Amino acid sequence: MLDVPFLPFCAFLGTLGLLCVAMVGTWCQHWRGGFSLDGSSRTFNWHPVLMVTGLVVLYGAAALVYRIPNTWSGPKLPWKVLHGSLALGAFILTVLGLAAVFCFHNSQGTPNMYSLHSWMGLGTVLLFSCQWAAGFGAFLLPWAPTWLRALYKPIHVFFGSTILMLSVASCVSGINEKLFFSLKNGTTAYKLLPAEAVFANTLGLLILIFGVLVVAALARPSWKRPDSNSPDSRQPLLSGER
């Protein structure tokens, strides 16, 4: 990777993430009719917005917390709480996104869980839920011994990157599936690349770039927090120690 300082890189990544959220919102508002909670296609529109915001952008932000240089010294506990809170926020938005699509399908009489996109997406969410629960139990609760945290840490890091890439794949496949379903029956065919298709395809590429850059940042050795053997670095959230 190019020798780019972390903070400017992080600012660029944050801007890219906000652009992805703005674009998915614009797509659903301008071309797909906006948002509602009435079980119509406008209810479905919450699904891509919440999934991109939670499962990709906010999850990516949570993954990068320990790459911030300010976390490399001083107490680690506040950063653990921030990391876990961002991941929990991402999970909540993701569950709401799933609720939106199930509500739409049920109100329209459409079968659930029949496409590759739906299988991959639900599998990603289930893996995410296991990852968050295991991380909370291992790193924030007092009963996990130090040796168990040390054993689980590389597994947690590996699945963190894996879940992000699965999230990106799920979102990109979902955008593609939505375009195939929507750009027909009186609209300009997808193969003719109408403005909506160009816009949504661009959104998919930006989501992919965002995910790749986050994983690259996580893999860069010089941006990793140095290991610390201080007692504070191993302090759980609910420890009885003062």
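On a predicted model such as this, the values are computed, not experimentally measured, just so you know.

Enquirer: Residues and numbers for unusual backbone geometry, please.
Expert: You will see that Met-113, though not glycine, has its phi angle at about 60°, which is positive. Tracing the chain through its elements places Met-113 in the loop between α4 (77–108) and α5 (116–139). Judged by relative accessible area, Met-113 falls into the partly exposed class, the value being 29%. Phi at Leu-193 takes a positive value of approximately 50°, unusual for a residue other than glycine.

Enquirer: Break down the nonpolar core for me, with residues and values.
Expert: It is characteristic of soluble globular proteins that their nonpolar side chains tend to be buried jointly. Of all hydrophobic cores here, the largest spans 43 residues; its most connected members are Leu-203, Ile-207 and Val-214. Looking at this core, the elements with two or more residues in it are α1 (6–31), α3 (46–63), α4, α5, α6 (146–182) and α7 (195–219). The dominant element in this core, judged by the number of residues it contributes, is α7, at 10 residues. When neighbours within four sequence positions are excluded, Ile-207 is seen to be in contact with Cys-20, Val-52, Val-56, Val-168, Cys-171, Val-172 and Ile-175.

Enquirer: Quick rundown of the packing of α6 against α7? Include the residues and the values.
Expert: Viewed as axis vectors pointing N to C, α6 and α7 meet at an angle of 175°, and their least axial separation amounts to 10 Å. In terms of axis orientation, α6 runs roughly antiparallel to α7. Its residues assigned to classes, the contact of α6 with α7 comprises 16 nonpolar, four polar and one charged.

Enquirer: Give me the environment of His-156: which residues, what numbers.
Expert: Locating His-156 in the fold gives a position in helix α6. When neighbours within four sequence positions are excluded, His-156 is seen to be in contact with His-83, Gln-131, Gly-135 and Phe-139.

Enquirer: Describe in detail the confidence of the model for the protein chain, supporting the description with residues and values.
Expert: Per-residue pLDDT for the protein chain averages 91, and the proportion of residues at 70 or more is 92%. Looking over the protein chain, one finds the lowest element-wise mean pLDDT in α6, namely 95, and the highest in α3, namely 98.

Enquirer: Give me the packing of aromatic side chains: which residues, what numbers.
Expert: Taken as a whole and judged by the stated rule, the model has 11 aromatic pairs. When the ring of Phe-35 is compared with that of Trp-46, the centres are 4.7 Å apart and the planes differ by 45°; the resulting orientation is tilted. Linking Phe-35 in the loop between α1 and α2 (41–44) with Trp-46 in helix α3, this pair joins segments that are 11 residues apart in sequence. Relative accessible area serves as the criterion here: at 26%, Phe-35 is assigned to the partly exposed category.

Enquirer: Hey, could you go over α4 for me, with residue numbers and the actual values?
Expert: Between its terminal C-alpha atoms α4 stretches 47 Å, which fits the 46 Å expected from 32 residues at 1.5 Å a residue. Backbone geometry just after α4 places Gly-109 at a positive phi near 75°.

Parameters at a glance
- Residues numbered from 1 in each chain as written.
- Predicted model: local features only at pLDDT ≥ 70, side-chain atom pairs only at ≥ 80, totals over all residues.
- Heavy atoms only, no water.
- Helix = DSSP H or I, 4+ residues; strand = E, 2+ residues; numbered from the N terminus.
- Buried < 20%, exposed > 50% of the residue type's maximum accessible area, 1.4 Å probe, protein only.
- Core = buried A, V, L, I, M, F, W, Y, C linked by side-chain atoms within 4.5 Å.
- Contact = heavy atoms within 4.5 Å.
- Axes fitted to C-alpha atoms, helices over the stretch in contact; angles between N-to-C directions.
- Parallel < 35°, antiparallel > 145°, perpendicular 65-115°, else oblique.
- Nonpolar A, V, L, I, M, F, W, Y, C, P; charged D, E, K, R; others polar.
- pLDDT = per-residue confidence, 0-100.
- Phe/Tyr/Trp six-rings, centres within 6.5 Å; stacked < 30°, edge-to-face > 60°.
- Expected span 1.5 Å × (residues − 1).

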